[in-house]
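# Coordinate inspection notes
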Amino acid sequence: MAACLRRAAAGLLTRLQTSAPTIRNLSSPNSFSQNIPSCLWKLGRLNHVAIAVPDLEEAQSFYKDVLGAQVSETVALPEHGVYTVFVELGNTKLELLHPLGEKSPIASFLQKNKTGGMHHICIEVDDIKAAMTELKKKKIRILSEEPKIGAHGKPVIFLHPKDCHGVLVELEQA
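A brief structural summary. (Residues numbered from 1 in each chain as written. Predicted model: local features only at pLDDT ≥ 70, side-chain atom pairs only at ≥ 80, totals over all residues. Heavy atoms only, no water.)

## Remarks on the overall build of the protein chain
The following threshold applies: Numbering goes from the N terminus for both helices and strands, where a helix is a DSSP run of H or I of at least four residues and a strand is a run of E of at least two. We call a residue buried when its accessible area falls under 20% of the maximum for its residue type, exposed when it is over 50%, and partly exposed in between, using a 1.4 Å probe and counting protein chains only. Working rule for contacts: check all heavy atoms of both residues, and any pair within 4.5 Å makes them a contact.
In terms of regular secondary structure, the protein chain is built from four helices and nine strands. Among the 174 residues that make up the protein chain, the fraction classed as buried is 36%. At a minimum sequence separation of 6, the contacts of the protein chain that also span at least 24 residues come to 53%.

Structure follows, in structure tokens:
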């Protein structure tokens, strides 16, 4: 039995050693990743996932009282047409969005999605101006000419969902 196990282990070791050059070849100078041009900006961490809610108090209560999360106070952002509440999670945040005014983009979203739902994701970038320049060159539509100040007091832009596989993407200066 022991001899059989030694032969099996030796055979496995031989297979691992012969497959090692294949792994090394993936990181060779001719690798596909070497052909990708480097960006002048870097994508960072997921900052938050935004959820449009028809009843902000009910949503706050759910995350605070039912799930036990730390929930911020409601903040009005009239320049964006929303009320926001942040739900702190261990590795990111949820942003609860509720319409502020009739022209709110969240009001039109909730007309189509009566019970609410995911509105956008927010990813941090280290240089929002460089990101805008490069994304425009790549024909990605940005929904404003200049960054606006977002809920965290930092510049933000939104990328058109039709250019981002159906997802509204917010980029925020880290």
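## Focus: the environment of Glu134
Here is the rule we go by: Each polar contact in these results corresponds to two N or O atoms within 3.5 Å; when the atoms are within protein, one needs to be able to donate a hydrogen and the other to accept it, and residues that are neighboring in sequence are counted only if both atoms are side-chain atoms.
Structurally, Glu134 is set in helix 4 (residues 128-137). Separated by 95 residues in the primary sequence, Glu134 and Cys39 place their C-alpha atoms 8.0 Å from one another. Dropping the residues within four chain positions of it, Glu134 is found in contact with Cys39, Leu40 and Trp41. At 3.3 Å, the side chain of Glu134 and the side chain of Trp41 are in polar contact.

## Examining helix 3 (residues 105-112)
Spelled out, the test is: In this context, the arc is that of the directions from the helix axis out to the C-beta atoms.
The complete set of buried residues in helix 3 reads Ile106, Ala107, Phe109 and Leu110. Looking down the long axis of helix 3, one finds its buried residues gathered within 160° of arc, a one-sided arrangement. When the buried face of helix 3 is taken as reference, the exposed residues oriented beyond 90 degrees from it are Gln111 and Lys112. Here the buried face of helix 3 lies against strand 1 (43-52), strand 4 (82-88), strand 5 (93-99) and strand 6 (117-125).

## Some words on the nonpolar core
Heads up, the rule is: Residues grouped as a nonpolar core are buried Ala, Val, Leu, Ile, Met, Phe, Trp, Tyr and Cys residues, joined through side-chain atoms within 4.5 Å.
Grouped together as the largest cluster of nonpolar side chains are 15 residues, with contacts concentrated most on Trp41, Leu135, Ile142, Ile157, Leu159, Val169 and Leu171. At five residues, the largest contribution of residues to this core is made by helix 4. Not counting residues within four places of it along the chain, the set of residues in contact with Trp41 comprises Val125, Asp126, Asp127, Ala130, Ala131, Glu134 and Leu135. Counting twelve residues, the second largest nonpolar core, distinct from the first, contains Ala59, Tyr63, Val71 and Val85.

## Thoughts on the pairing of strand 9 (residues 169-173)
Selection criterion: Strand pairing is defined by DSSP finding a minimum of two bridges between the two strands.
Most of strand 9 is tucked away, with five of its five residues classed as buried. The alternating pattern of strand 9 places Val169, Leu171 and Gln173 and Glu170 and Glu172 on opposite faces, both of which are buried. Pairing of strand 6 with strand 9 involves five bridges; the strand directions are parallel. When the sheet's bridge partners are listed, Ile123 is paired in strand 9 with Leu171. As paired strands, strand 8 (residues 155-159) and strand 9 are joined by four bridges and run antiparallel to one another. Within strand 9, the residue paired with Ile157 across the bridge is Leu171.

Honestly, it's all geometry; don't read function into it.
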